[in-house]
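Summary of the model geometry
Spelled out, the chains give:
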Amino acid sequence: MKSAKNIAIIGAGPMAIYTVKELIKSETPLCLSIYDKEQEMGCGMPYRSGMNADYMYCNAFSREIPPITRGLVTWLHEQDDDALRGLGLTRDEIDARDFYPRVLLGAFFSDAFLDLCEAGRTAGHDIRLYPRHEVTDIEPIATGARLHFTAAGDSQAAEFDEVVIATGHDWPAAPNIGEADLVSPWPYTNITALPAGEIGILGSSLSAIDVIVTLGQTHGTFIHKGDDVRWFPKTDCNVPLITMVSHKGIMPEPDFFYPYPYAPLRHINAEAVEAEIAKGSDGLLQRVFDLLIAELNADAPAYIDALGPQGQTIDGFADAYFDHRVTMGGLRALRDTLNSAVDTMRNKETQPHRYVLLRGHENFDLILEHLTQDDRARFYDKLMPVFGDCYAAIPHISVKRVLALYDAGVLRIVPTGEESTFRNTQDGGVCAQTLDGELRFDAMIDARGQAAAALGKLPFPTLTKGLSEKDDLKTPFRLEVPAQDRGAIYCLAMPQILTQHPFSQGLPNCAELAQLAVQDMFDRMAGVTIRVSTVATTNP
């Protein structure tokens, strides 16, 4: 049977993998061409060996990672003992509720990608892989798009009916803030190359935790004895002085126990939010926020009472939340916070307010494109900081290593407050204005996490010239390109996705977004009847 569509996928990380998983469900044969600038396809930058060290952990536990041809735990059990040792594991340590190093997940994704491609070929699809092929431009044409790419120094081009931009995360090689130049945390060797000295870390995201642990591994040794972790500097070497510099001066909280799959929400669930959307944009943010407060009142009444009446308003919620976090979230309080989180694991009892926020905040994603301009700005100013904080839970092994550095006297955290400024110094350092006054660092590492970026920042000049500056990337992520009569270009690049879907960095979100885009592609393929079959997967 003739292939119905010729489809190109740019990128070969998790977003591309979940896109391929959806595409090969088509019972109508498709031709898929997958391009990636790296030699090893499948793992993606956040999980690639060489970009990450083996002591950097992913904050998604095994069961949260959507299966591809099989789940992570199943894949781990399929490895022989020597392979497990190479991954830093024993068979007894495999657990569906555990966290694993990023590079281990990279090995899983690489294997799963190849298995998925083989499953697609078995199902009748033509799947072609192009490693070390860097796509440099996308040229919309009447019948779809022409891709321009380089391979082995040669410039080439190919035409496709459909294109999916699945390039994942994108980190600037030379980041900056204000008038200060920063050090990129990727690859991790940027960090290990820094000499010991006064080192600043901008941000308190999960990336910041990775940076802290990397500095600890570079300039000393973590000694693990049971549940106790201590850090000792290398002999005859200078000791680094590490300062986390963040807006609030608080740490992300340790991972805690919660039922997964998620227990249903009674108030702020998808059905209730959709009902509020149907009532119109005026007052939509307030109505959905009221659903969140109702959920907190039902599941965590003591917490919501502690926030007080003002803390139960949109304008006061973040202040009340962070007042509580500042009390409980500094380095001095981190050990108590960890002990409480460990207790939840031991007793299999959740922390109710955190579980509500973890589940409930993602339903705000449903309303963002329906909000008025004022309410959208209000959401990002008043609520998004809370939701970003509650999502960032740290694996306990990383918390213990952070505490070991704090106990050794080489780590502190400093709040910048509202009026922070940053500038380069004449001797090559960076000065930061903080609530503790102006601090000077020999180097400052950018650990703010993935930033959102407009469609105009895509690295494809011909494509971006044809896009309006006012274009928003809305579900199902199909770009409005006037030059096209047929075919389409879908954008699943993470920085652009984040402009409209700020909660979409997790692996479960990659699977959901890919499903939406592919379903739209199937729905609009003119003249082609697409029947969707089930591709078997196993979980965990």
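Residues numbered from 1 in each chain as written. Predicted model: local features only at pLDDT ≥ 70, side-chain atom pairs only at ≥ 80, totals over all residues. Heavy atoms only, no water.

Leu-105, Phe-109, Ile-138, Leu-147, Val-163, Ile-165 and Leu-463 are the most contacted members of the largest nonpolar core, which has 78 residues in total. Top contributing element to this core by residue count: helix H17 (residues 507-524), with nine residues. Core analysis: the next-biggest nonpolar cluster, separate from the first, contains 39 residues, Ile-191, Met-251, Val-410 and Leu-411 among them. (Core = buried A, V, L, I, M, F, W, Y, C linked by side-chain atoms within 4.5 Å. Buried < 20%, exposed > 50% of the residue type's maximum accessible area, 1.4 Å probe, protein only. Helix = DSSP H or I, 4+ residues; strand = E, 2+ residues; numbered from the N terminus.)

Here the focus is the sheet that holds strand E18 (residues 430-434). Pairing is antiparallel across the open sheet formed by three strands, whose spatial order is E17-E18-E19. In this open sheet, the two strands that pair with only one neighbour each are strand E17 (422-424) and strand E19 (437-441). Taking the axes of each pair of neighbouring strands and ignoring which way they run, one obtains an average angle of 20° across the sheet. (Pairing = 2+ DSSP bridges. Axes fitted to C-alpha atoms, helices over the stretch in contact; angles between N-to-C directions.)

Looking now at the confidence of the model for the protein. Of all residues in the protein, 96% attain a pLDDT of 70 or more, and the chain-wide mean is 92. Per-residue pLDDT stays below 50 along residues 528-539; that stretch engages in 31 contacts with residues further than four places along the chain or on separate chains. (pLDDT = per-residue confidence, 0-100. Contact = heavy atoms within 4.5 Å.)

Enumeration according to the criterion identifies 31 salt bridges in this entry. Across the pair Asp-227 and Lys-400 runs a salt bridge whose closest N-O atoms are separated by 3.8 Å. Taken together, the residues span a long stretch of sequence, with Asp-227 in the loop between strand E11 (220-225) and strand E12 (228-233) and Lys-400 in helix H14 (residues 396-407) at a distance of 173 residues. Its salt-bridge partner being Arg-230, residue Asp-228 comes within 3.2 Å of it at the nearest N-O pair. (Salt bridge = Lys/Arg side-chain N within 4 Å of Asp/Glu carboxyl O.)

So, about a negative patch on the surface. A cluster of acidic residues, Asp-92, Glu-93, Asp-95 and Asp-98, forms a negative patch at the surface. For Asp-98, the position within the fold is in the loop between helix H3 (81-86) and helix H4 (102-122). On the basis of relative accessibility, which here comes to 32%, the residue Asp-98 falls in the partly exposed class. (Patch = residues over 30% accessible without salt bridge, like charges linked within 9 Å, V, L, I, M, F, W, Y side chains within 5 Å. Areas by Shrake-Rupley, 256 points an atom, 1.4 Å probe, with all protein chains shown as cover. Lys, Arg positive; Asp, Glu negative; His and termini not counted. Charge placed at Lys NZ, Arg CZ, Asp CG, Glu CD.)

Under the criterion given, the structure shown has two cavities of 30 Å³ or more. Of the voids in this model, the largest cavity is the one considered here, and its volume is about 50 Å³. Along the walls of the largest cavity sit Tyr-57, Asn-59, Leu-206, Ile-209, Asp-210, Ile-394, Pro-395 and Ser-398, which together make up its complete lining. Counting residues per element, the lining of the largest cavity draws most heavily on helix H6 (residues 206-219), at three residues. Of the residues belonging to the lining of the largest cavity, the class tally is five nonpolar, two polar and one charged. Each pocket or cavity is described by its volume, and for the second largest cavity that value is around 40 Å³. Contributing to the lining of the second largest cavity are Trp-171, Pro-172, Pro-175, Ser-184, Pro-185, Asp-446 and Arg-448. (1 Å grid on protein atoms, 1.4 Å probe; cavity = no way out; pocket = protein on both sides within 12 Å on 5 of 7 lines; lining within 4 Å. Points joined across faces, edges and corners; volume = space filled by probe spheres on them. Nonpolar A, V, L, I, M, F, W, Y, C, P; charged D, E, K, R; others polar.)

Turning our attention to the packing of helix H8 (residues 284-299) against helix H13 (residues 373-391). Close contact between H8 and H13 brings their axes to 10 Å; oriented N to C, the two are set at 25°. As judged from the angle between their axes, H8 and H13 are roughly parallel. Taking contact as the criterion, the partners of Leu-284, Leu-285, Gln-286, Phe-289 and Leu-292 in H8 are, on H13, Asp-375, Arg-378, Phe-379, Leu-383 and Phe-387. Here the residues of the contact of H8 with H13 sort into seven nonpolar, one polar and two charged. (Parallel < 35°, antiparallel > 145°, perpendicular 65-115°, else oblique.)

When its volume is computed, the second largest pocket comes out at roughly 1300 Å³. As for the second largest pocket, its lining consists of 45 residues, and the residues nearest its centre are Tyr-57, Asp-98, Phe-99, His-396 and Ile-397. At the level of elements, H4, E12, helix H11 (331-347) and H14 are the ones that each hand at least two residues to the lining of the second largest pocket. A breakdown of the residues in the lining of the second largest pocket according to their chemical character gives 20 nonpolar, eight polar and 17 charged.

Applying the stated criterion to the full structure yields 23 aromatic pairs. An angle of 65° between the planes, with centres 5.7 Å apart, marks the rings of Trp-75 and Phe-108 as edge-to-face. Within this pair, whereas Trp-75 is found in helix H2 (residues 72-78), its partner Phe-108 is found in helix H4, the two being separated by 33 residues in sequence. Per residue, the accessibility class of Trp-75 equals that of Phe-108, and both read buried. Summarising the aromatic geometry, the rings of Phe-387 and Phe-503 are spaced 6.0 Å apart at their centres and angled 70° between planes, so their arrangement reads as edge-to-face. Taken as a pair, Phe-387 in helix H13 and Phe-503 in the loop between helix H16 (494-497) and H17 lie far apart in primary sequence, 116 residues in all. (Phe/Tyr/Trp six-rings, centres within 6.5 Å; stacked < 30°, edge-to-face > 60°.)

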